[in-house]
Every structure is written in structure tokens, then in C-alpha cells.
Amino acid sequence: MTPAPTLPLLGFAAWSGTGKTTLLEQLIPLLVDRGLRIGVLKHAHHDFDIDQPGKDSHRLRKAGAQQMMVASRRRHARITETTLAEADFRQLLASFDQTSLDLLLVEGFKHEHFPKIELHRAEIGKPLLFPDDRDIIALASDQPQQSGEQQQTNLPRLDINDLAAIADFVCSWLDGCQSKEPEAGKGFLSVEAARSAILAALTPSTACSDKPLAQCHGAVLAADLVSPINVPPHANSAMDGIGLRSDDLAAGRWQLVGEVLAGQQRHEPVLAGQAVQIMTGAPLPPGVDTVVMREETLIEGEWVTVTAPIRAGQNVRLAGEDLAKGAVAIPAGTWLGAPQLGLAASLGQASLTVRTPLKVALFSTGDEVQAPGEVLAPGHIFDSNRFTLMALIRAAGCEVMDLGIIPDDRAILRQQLEQAAASADLVLSSGGVSVGNADFIKLVLAELGQIDFWRIQMRPGRPLAFGKLGQTPFFGLPGNPVAAMICVLQFVEPAIARLQDRVWQPLRLSALADEKMKSRPGRTEFLRGIFHQDCNGQLRVRTTGPQGSGILSSMSDANCLIEIVPDQPGIAVGERVWIHPLQGRLA
């Protein structure tokens, strides 16, 4: 999966009455003339309606449609009702087609963290914003800065009435944004760029085998499972009740002529004026196409009446309604859980063709690392990473080849790596990959393959090694326990999905911060968090406490990761953040 590109954002901050919209209206044509494709996101502090009463779209919205899209040859628009809560800023950004834009200008959303130009007019009589807003990157004012002025600033100073100069600044700033992403292996990589480079370097495995259905849990389906039958195979009753003919619903009173149980069939037609008792799942006899639930009928001897309104075709499941014969029941690349196994069984499948489980070799390095159960020598540490990684790898449906702890011996390391590369589909190591680290593991890796040592714009987990030992992918993970786990979740887990030829798409939710959270602008921060749902149904999140990359208890207590994106210098109480639930990922 190729991650969506990150679109540069530039906001315009100002007090009401400064003329933000008017300036943008005049600035956008200048930027378009310079070849830029511009998008605009504007926040309104009041209720608004871009639709017109009497128009079809307006009528359909007022009829109750939560989302309304109207489209013509020249444009289309989607109007979404947000009656419960205001739309989240990040979700609004994600709704833009970022592949067709070069720059997104934002008016409003002053509490969100992204670069902004402050607009200031002296006649408004309002104070400057930049002293309290660290996101402001330039000041466009109608007054030059005076020597000795109380609020001095080193920010670029622009004339608010010189639109060409403002356009020049915007273009220069945009060029700087586009040049910040270095090539792989050089400088710092963003999380998205590193993941994209990893996935582009991997080729899915084609090895597969047939397995009995009972042994397929956790496997990945290798080929589309096409339904050989209709599901259900015949029209049947959706509940216990009375079967009637839809062309005979006005009779008011019907004679009971039989009973149809699940697993039985009645071949004799039901005629006008007749009815049958029918159980849930029982095939409909000829003529019957409507079922009235038992609680809405009154039976007196061999006669039945109905005590509620009847709708033709109600409470009936048609043949092929769930799945038609010849339709794809389960697509290739699906991870097979309980629902998928039940569906396959309902189609009569005794076995499935699944991907052969990946073999993942892993080891820890360092003479200072000891196995649990030994007497801990002075200056040594117990090897926790290997056991954490084994659990994560198994949870991803892989087989583990545990190479144990490899000492700081070049000959032993080379032998173990050669053996692992020859027999495994993926090799993982823990420790010895820090940028600038003189550890000999780098020398051995260079002899056996092509490995890049990266610095990632993230915390924890900045150092990461990735490449290939011959044709076998290799990850060198940080030695700090939490950093190693974060790198597995962000890079190894999607790599395994790619090798299994399935789509990787972790769950990402929006939550309100229950506490202030610090971060450093320019990098992605992953904090360990605990989220819950408050009495209003809103997700809220707090950290687990100290966030050091060596504090494994912070991960043990967490039920989510809190993601602070690079353009957020920190999170205030009540501000929205992204969370990644960990249920099912740390099994």
C-alpha cells in the first residue's frame, strides 16, 4: 500500500475584519498563474448552507439524507450533516484529493498546528498574534516595524498590500517544503517515506498450499474463493411464523393446510385462502412469498388471522440474497478469521488454498544481553526484545525461527546471518543499528547484502536498518524495547502484509486529549496511551506516564498509540489527536 502524499498546508491567521477572504481572493489567481494547483479549506464560526432551498439537493437533504452529493459535468460537491460534532480538521484534510493539488490554503482553524502567515492591519486595533502562536512563519502588515518597537520579531515581514511579494514568499516557502524530504539512506526520512520505500522494495511470496479448513485460522487466502452455490440456496423464512401468498393478503382469514420445518420441503402449492405454519430457515413452499411473525397472528383451530399490517415479501430471505453463485465470497489476500472460516464452511469448503506462512528469523545482538532465567551479570541486561518480537511475529501469522542471542563475534554472526537468509523469508535483528554506531554488525551486513541505515523522523525508533541479505529482506531494529516495538508496528507489520500479498491498513481514530502532551515539531511522535469512551460517546485519551523508549511498562499498560504529527509542536488539553488502537496487534 502506498501512503497518501502529505500536502503542504499554509494558513492565514488574523482577527475578524482584517480581510482574510479578500486577500485570498486576490492572492489565489497570482498563485494559479505561477502553475500551482490550489485547494482551500475555510472554517466558518456560524451555521451556513451552500445549498439553495427548492433545489433537488436541498430537498433531499431536508428529507433526511446525512450525506448528499450533487454532480454535473463541470463540478461535484458533497454536503455532509455534522449534527453531533464538528468535523475533525484532519478528516477534512483527508477528504481533499491531494494528488491533484500542490498547496492547500487554510482560513481559520487557528487552534490547529500548521504553518500560518499572520495578517495584521493597524486600524483594527487588535494585538499581534505571533508572540503567542508558534505556528506563524511570517507577518504581513500594513505598518513597517519601527526601531524600538515593543514586539520585535525576526519573522519575515511582508507588506499586506503587496500581493506579488506575498505570492513570492508563498512560492519560496513551498519550494523549501518540497526540498526537505531527502532520498532514502541520506539524512532523515519521514515515517511515510520510509514505509513507502520499504514496501516498494518487497515482492509478495507466491508459495501456497491447500489446508483443511480447521487449520486455516490466521492464514492468508491465496486465491479468490468463488461461491459454488447460492446463499441461501433457496428462498426461506427469516423467522417462525405464517407463510402467505402476496396476492392473497386481503383475505383477512386463512386456512392452515400444513407446517414446514427447517430442513424439510413442501412441494404441494399453497393456494389462495390457504396458509402454512413455517419455521425459521425452512424453504418456502410453492406460492408462499410472505411471512408474518408468529406474535402477530391469532390461530383458532385450523384458521389464522393477522393482527398487524402486512407488507408483501416481508420476513423472507431470497435465494442468493447473501451471496450469489459465482460471486467472490472471500477475496485473495484476506486474513482468515472466525467469520471467514464460517463463511467458507457455509459454502461447503472442506479446505482452502492459503499462503504458506512466512518464516521470520530473529535474533538479539550484544555480549551484554542475557537470556531470562540466568543470573544477571554486572552491567548486563535481560533480553526482552526477542520475546516481544516473537509474539508480534506470531500474531502476524508467521512462523518464528529463533536464533537466540548472537555474541559480538564476527564469524558467528556471519554464519548465522547466512543461514537465516537461506532458510527464512524475512530476518530481524535487535540492537546495533544506530546511525554512527561502529558495531561490527554493519560490516557483516555490508558483506552479505545491501543494507541502508536510516534515521527516521520519529520518536521512539529513530534508528532503523533495512535492506536485503541476498534476496531476503532484513530489518535491523533499535535496541530499546519500546522503540523496537514501535518500529515493528510501523514498518515490519506492513512489510509482512506486503509479503503475504494482503493490504495493510491499521485502524486510526480521532480522540480528545485529557492531558497536555509535548512533542518536537518536524517529527512524528508515538506516545503510549490509554483511551476510553466518555458518557457522551466521545473517545478520550491520556498517556500511560513516562514515555522513555526503554520503559517497557509504558507499552504494557497501553491500549493505543497516540500519534502527534510533525506539524504539531504539542497537544493541549481538549485538542484532537490521532490514536492507533492496539487490540489484536499485540496479541
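See the structure printed just above.
About the criteria used
- Residues numbered from 1 in each chain as written.
- Predicted model: local features only at pLDDT ≥ 70, side-chain atom pairs only at ≥ 80, totals over all residues.
- Heavy atoms only, no water.
- Helix = DSSP H or I, 4+ residues; strand = E, 2+ residues; numbered from the N terminus.
- Buried < 20%, exposed > 50% of the residue type's maximum accessible area, 1.4 Å probe, protein only.
- Contact = heavy atoms within 4.5 Å.
- Axes fitted to C-alpha atoms, helices over the stretch in contact; angles between N-to-C directions.
- Parallel < 35°, antiparallel > 145°, perpendicular 65-115°, else oblique.
- Left-handed = near helix turned anticlockwise from the far one by under 90°.
- Nonpolar A, V, L, I, M, F, W, Y, C, P; charged D, E, K, R; others polar.
- Phe/Tyr/Trp six-rings, centres within 6.5 Å; stacked < 30°, edge-to-face > 60°.
- Lys NZ or Arg CZ within 6 Å of the ring centre and 35° of its normal.
- Pairing = 2+ DSSP bridges.
- Salt bridge = Lys/Arg side-chain N within 4 Å of Asp/Glu carboxyl O.
- Expected span 1.5 Å × (residues − 1).
- Bend = angle between axes of the 7 residues up to and from the residue.

**Here we look at the overall build of the protein chain**
When helices and strands are tallied, the protein chain shows 11 helices and 37 strands. The buried share of the protein chain, reckoned over its 587 residues, is 43%. Sequence separation of at least 24 residues holds for 66% of the intrachain contacts in the protein chain that already meet a minimum separation of 6.

**Remarks on the packing of helix 5 (residues 191–200) against helix 10 (residues 481–499)**
Two elements in contact, helix 5 and helix 10, have axes whose closest approach is 10 Å; the angle formed by their N-to-C orientations is 30 degrees. In this view, helix 5 runs roughly parallel relative to helix 10, as classed from their interaxial angle. The two elements helix 5 and helix 10 meet at a crossing, and its hand is right-handed. Packed against helix 5, whose contacting residues are Val191, Ala194, Arg195, Ile198 and Leu199, the element helix 10 presents Gln490, Phe491, Pro494, Ala495 and Arg498 at the interface. Grouping the amino acids of the contact of helix 5 with helix 10 by side-chain chemistry returns 7 nonpolar, 1 polar and 2 charged.

**Structural notes on the packing of aromatic side chains**
In this structure the tally under the stated criterion is 2 aromatic pairs. With a centroid separation of 6.0 Å and an interplanar angle of 40 degrees, the aromatic rings of Trp454 and Phe466 are classed as tilted. In this pair, Trp454 sits in strand 27 (residues 449–456) while Phe466 sits in strand 29 (residues 463–469), placing the two residues 12 residues apart along the sequence. The pair formed by Trp454 and Phe466 is uniform in burial state, with each residue classed as buried. Consider the rings of Phe466 and Phe475, whose centres lie 5.0 Å apart with planes at 45 degrees: the pair is tilted. What makes Phe466 buried here is its relative accessible area of 5%. Following the ring pairs from residue to residue traces out a cluster consisting of Trp454, Phe466 and Phe475. When the ring centre of Phe114 is taken as origin, the NZ or CZ atom of Lys116, which lies over that ring, is 4.5 Å away. One Lys or Arg, Arg386, reaches over the ring of Phe387 and ends 5.0 Å from the middle of that ring.

**A few points about the sheet that holds strand 29**
Spatial ordering of the open sheet is given by 9-27-29-30-26-22-25, a layout of 7 strands whose pairing is mixed. Pairing within the sheet leaves two strands with one partner each, and these edge strands are strand 9 (188–189) and strand 25 (399–406). When strand 9 meets strand 27, the two strands line up parallel, connected through 2 bridges. Opposite Phe188, over in strand 27, you have Arg455 as the bridge partner. Those strands touched by helix 8 (residues 410–423) are strand 22 (359–365), strand 25, strand 26 (426–430), strand 29 and strand 30 (472–477), and its axis lies near 175 degrees from that of strand 25. Here helix 9 (residues 441–448) sits on the sheet in contact with strand 22, strand 26, strand 27, strand 29 and strand 30, set at roughly 135 degrees to strand 27.

**A look at the pattern of salt bridges**
Considering all chains together, one arrives at 17 salt bridges under this definition. Of the charged contacts, one joins Glu418 and Arg414 as a salt bridge, the two residues approaching to 3.5 Å between their closest N and O atoms. Separated by 4 residues within a single helix, Glu418 and Arg414 lie in helix 8, roughly one turn from each other. The exposure class of Glu418 is partly exposed, given its relative accessible area of 39%. You can call Arg414 partly exposed: its relative accessible area is 30%. Close ionic contact of Arg540 with Asp534 constitutes a salt bridge, the shortest N to O distance being 3.5 Å. Several salt bridges converge on common partners, so that one network encompasses Arg410, Arg414, Glu418 and Glu447.

**Focus on the pairing of strand 5 (residues 103–107)**
Among the 5 residues that make up strand 5, 5 are buried, leaving the element largely enclosed by the rest of the structure. Side chains Leu103, Leu105 and Glu107 of strand 5 all project onto a buried face; the interleaved residues Leu104 and Val106 project onto the opposite face, where all are buried too. Pairing between strand 1 (residues 9–13) and strand 5: 4 bridges, direction parallel. From the neighbouring strand, Phe12 faces strand 5, where its bridge partner is Glu107.

**Some thoughts on the side chain of His120**
With respect to the secondary-structure elements, His120 resides in strand 6 (residues 116–120). Under the relative-accessibility criterion, His120 is labelled buried at 12%. When residues no more than four places from it in sequence are discounted, the contact partners of His120 are Thr18, Lys126, Pro127, Leu128, Leu139, Ala140, Ser141, Asp142 and Ile160.

**Comments concerning helix 1 (residues 20–33)**
Over its 14 residues, helix 1 runs 20 Å from end to end, which matches the ideal 20 Å to within 8%, given 1.5 Å per residue. If you look at helix 1, its biggest bend is around 25 degrees, right at Leu27, and the proline Pro29 turns up within four residues after that. Two residues or fewer past helix 1, Gly35 is found with a positive phi of approximately 90 degrees.

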